[in-house]
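The chain contents come next:
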Amino acid sequence: MRFMQVAATACAVSALAVAGLAAETAWFPRAAGATETPAPFTPPAEDAIPAGKFGDEVRLGEQIFREPGEHAAAYVGNDLRCSNCHLDAGRLAGSAPMWAAYISYPAYRSKNGHVNSFQERLQGCFRYSMNGKVPPLGDPVLVALESYSFFLAKGLPTGEKPAGRGFPALPKPALAPDYARGAQVYAENCAACHGADGLGQSADGKVVFPPLWGPRSFNWGAGMGSIKNAAEFIHANMPLGMGGTLTPQQSWDVATYIDSQVRPQDPRFTGDVAETRAKFHDNPNSMYGRTVDGAVLGDPKVTPPAGTVPASKAEHK
Amino acid sequence: MDRNTAKAHIHVMTGCSNTSAWWGFVGMGGWMSRAGLALTLALLAPAPVFAGDDPATGATVAMQPGSSGRPACAACHSADGAGQADVGIPRLAGLHASYIADQLGHFATGVRANAIMAPYAASLSADERRAVAEYFAALPIPAPVDPIPEPVAKLDRGMALFQRGDARTGLIACTQCHGPNGVGVGSFTPRLAGQSGPYIAEQLHRWRAGDIRDPRGAYMRAIAARLSPADIEAVAAYAAGLKTGETIENTAGGKP
């Protein structure tokens with residue numbers, strides 16, 4: 001349990017607070033729904049970023065990670081941030097933390113059939129999750145993100161699979177995941193922030209709650225387009241700050257609902273939906289090419305384009 | 001105002017049930033003297049004449065006492081909706097109309113337990129609550145008053161929590177739901193920037209103690225559980241000092 005070491009003292013500390021005694025030291029209550037796992041790795045604190053050129057690169061990497069639309073505009077084609085899914089700016093265990101990703105590369109990926117460097121893996125994020133353009137290897141954006149991830153991974157052995165890597169595995173649901181049940185879960189637990197239409201919400205010109213589908217969300221090639229990935233992420237981390245409160249069944253159902261919506265085209269689209277499904281989506285976790293509400297998901301007639309970086313931003317990198 | 005006195009004021013304002021009688025007495029004196037003065041002024045003022053339909057209804061509720069003995073909202077929340085930040089009376093001007101109306105409804109039904117607000121809210125019809133909510137929502141956000149001076153270290157801690165959260169405890173940043181600099185997002189999250197610090201702190205203390213307060217209070221209860229009492233005071237002080245400036249339009253991409 002993440003906060004087991006302090007949970008036992010929580011009641012005592014609360015009692016002190018009620019008694020009017022100052023409890024000035026931070027105490028760490030039990031995380032709602034936290035499960036019994038080995039203590040995850042703790043990345044270095046933010047104030048441990050060193051001075052100098054390398055530290056500058058790390059800081060830039062974190063800025064890109066938090067606000068890619070501002071600091072990597074030439075490559076971002078939607079309204080998402082890296083930190084929307086990699087929570088706590090890539091630090092949080094169970095939310096695909098960057099420290100665990102960094103030490104996992106180079107690695108073979110079935111997605112493209114060869115050994116990928118870490119930078120090539122980052123390219124995939126821009127191509128799919130950010131529905132943008134791929135920064136060339138060695139591009140300052142990739143160097144900064146690599147530096148930030150390297151910094152976060154300080155002290156982790158390479159090639160291991162540390163606790164907290166990726167998303168926590170979720171048991172298969174008792175009932176087959178269901179779109180209609182998912183719509184109900186969405187309305188009750190997600191729509192207040194992400195909108196009933198899934199398009200997110202903005203304030204003061206900035207996206208606060210990211211769009212989950214539609215033209216400004218991730219495209220059909222993104223990892224979050226996999227119902228399994230989305231269910232695992234949702235169960236561990238959503239609603240934000242209340243991870244673990246949805247049941248596994250609810251998580252599978254709502255992931256199915258979200259991943260059955262219209263979103264930008266897969267950049268690998270061959271020109272034919274059925275063929276694209278056969279080549280890239282031939283598994284039960286993808287709804288691409290399936291018919292939902294009378295429309296075929298991925299049909300170019302109803303599907304926003306892939307790679308929508310405004311020309312003005314692409315020129316001024 | 002020292003911390004204990006401030007706390008006493010707030011406990012009175014929110015009707016917190018576990019407050020000692022002594023605190024309640026001290027707080028009541030301080031609060032009633034101010035509110036009483038404002039109320040007297042409101043009663044002495046000539047009854048304003050309003051033209052129009054819904055705005056007049058809202059303005060009437062806001063500015064004139066009700067036949068049930070309810071004081072004008074403005075008696076405590078001020079005619080410009082600024083509230084009284086130092087004693088924890090929240091600013092209403094510029095909050096989302098749906099948010100204000102929802103809270104009035106929760107006061108009226110007791111979902112949000114508050115001894116002061118409950119009878120006032122219950123004396124209003126749903127239409128009146130909606131109208132007065134729209135009235136205050138439409139008021140320009142008043143220029144911020146000088147915040148209560150606070151130690152730099154406390155404000156720095158508050159800023160860190162507000163803007164970044166705390167990865168060690170799984171605490172998300174306030175801005176992740178309340179928007180950049182806490183401007184609020186549609187009807188879902190209220191504006192925090194420039195809100196009364198004692199008011200924010202009291203709400204957080206109540207959530208931390210397990211209060212749900214409203215149907216969406218489960219979110220805030222989970223968050224407040226990750227804050228120490230000192231962190232609550234720090235983050236509230238920081239939010240209170242955020243400059244609000246002119247009204248910033250919120251855009252909701254999602255339909256309600």
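Residues numbered from 1 in each chain as written. Chains lettered and ligands numbered in written order. Predicted model: local features only at pLDDT ≥ 70, side-chain atom pairs only at ≥ 80, totals over all residues.

Student: Looking at this structure, I do not really get the overall build of chain B. What am I missing?
Tutor: Looking only at helices and strands, chain B has twelve helices and one strand in total. Going from the N terminus to the C terminus, chain B shows its helices and strands as α-α-α-α-α-α-α-α-α-α-α-α-β. Expressed as a percentage of the 256 residues in chain B, the buried residues total 51%. Here the contacts in chain B between residues at least 6 apart in sequence split such that 64% fall between residues at least 24 apart. (Helix = DSSP H or I, 4+ residues; strand = E, 2+ residues; numbered from the N terminus. Buried ≥ 20, exposed ≤ 12 C-beta atoms within 10 Å, placed from the backbone. Contact = placed C-beta atoms within 7 Å.)

Student: Teacher, can you tell me more about the overall build of chain A here?
Tutor: Regarding its fold elements, chain A presents 14 helices and six strands. Expressed as a percentage of its 317 residues, the buried residues of chain A come to 46%. Of the contacts made within chain A by residues no fewer than 6 positions apart, 66% connect residues no fewer than 24 positions apart.

Student: Any chance you could explain the UniProt feature "domain: Cytochrome c" (unreviewed entry) in chain A here in plain terms?
Tutor: Under the UniProt annotation, "domain: Cytochrome c" (unreviewed entry) lies at residues 177–262 of chain A. A distance of 19 Å separates the end C-alpha atoms of residues 177–262 of chain A, which is 43% helix and 8% strand. (UniProt positions renumbered as here; feature names shortened; annotations may be inferred.)

Student: In this structure, what is going on with helix 7 (residues 126–138) of chain B? I would like to understand it.
Tutor: One turn of the α-helix equals 3.6 residues, which is why residues spaced by three or four share an orientation. The end-to-end C-alpha distance of helix 7 of chain B, which contains 13 residues, comes to 18 Å, matching closely the 18 Å that a straight helix rising 1.5 Å per residue would cover. Buried residues of helix 7 of chain B: Arg129(B), Arg130(B), Ala131(B), Val132(B), Ala133(B), Tyr135(B), Phe136(B) and Ala137(B), and no others. (Expected span 1.5 Å × (residues − 1).)

Student: Whenever I open this one, the domain arrangement of chain B confuses me. Can you help?
Tutor: Quoted interface sizes are often the accessible area lost when the parts come together. All names here are of chain B. Domain assignment breaks chain B into domain 1 (3–138) and domain 2 (152–241). With 23 residues of domain 1 in contact, the opposing surface of domain 2 contributes 16 residues. Mapped onto the side of domain 1 that touches domain 2, the elements with two or more residues apiece are helix 1 (3–14) and helix 5 (97–109). Ranked by the residues each element gives to the side of domain 1 that touches domain 2, the list is headed by helix 5, at five residues. Among the residues forming the side of domain 1 that touches domain 2, the class breakdown is ten nonpolar, nine polar and four charged. (Domains from an automatic or database assignment. Nonpolar A, V, L, I, M, F, W, Y, C, P; charged D, E, K, R; others polar.)

Student: I would appreciate a short explanation of the environment of Glu46(A) in the present structure.
Tutor: Examined against the element boundaries, Glu46(A) turns out to sit in the loop between helix 1 (4–18) and helix 2 (53–66). Expressed as a C-alpha distance, the spacing of Glu46(A) and Leu152(A), which sit 106 residues apart in the sequence, is 9.1 Å.

Student: I'm lost on the confidence of the model for chain A in this one. Help?
Tutor: Predicted coordinates in regions of low pLDDT should not be interpreted in detail. Per-residue confidence for chain A gives a mean pLDDT of 88; residues scoring 70 or more make up 87%. A low-confidence stretch, residues 1–35 of chain A (pLDDT under 50), is modelled with 42 contacts involving residues beyond four sequence positions or located in other chains. (pLDDT = per-residue confidence, 0-100.)

Student: Is there a simple way to think about the confidence of the model for chain B in this case?
Tutor: Residue and element names in this part refer to chain B. Residues with a pLDDT of 70 or more make up 73% of chain B, whose mean pLDDT is 77. Under a pLDDT of 50 for its full length, residues 1–56 has, in the predicted model, 61 contacts with residues more than four places off or in other chains. Of the regions scoring below 50 in pLDDT, residues 245–256 engages in 29 contacts with residues more than four places distant in sequence or in other chains. For this predicted complex, the interface confidence score (ipTM) comes to 0.77, while the overall pTM stands at 0.80.

Student: I'm lost on the packing of helix 8 (residues 152–164) of chain B against helix 12 (residues 229–241) of chain B in this one. Help?
Tutor: The description of two helices packed together rests on the angle between their axes and the distance between the axes. Residues and elements named next belong to chain B. Between helix 8 and helix 12, whose axes approach to 7 Å, the crossing angle comes to 85°. Of the possible angle classes, the one that applies to helix 8 and helix 12 is roughly perpendicular. Here helix 8 contributes Lys154, Leu155, Arg157, Gly158, Met159, Leu161 and Phe162 to the contact with helix 12, which in turn contributes Asp231, Ala234, Val235, Ala237, Tyr238, Ala239 and Gly241. Of the residues assigned to the contact of helix 8 with helix 12, the class counts are nine nonpolar, two polar and three charged. (Axes fitted to C-alpha atoms, helices over the stretch in contact; angles between N-to-C directions. Parallel < 35°, antiparallel > 145°, perpendicular 65-115°, else oblique.)

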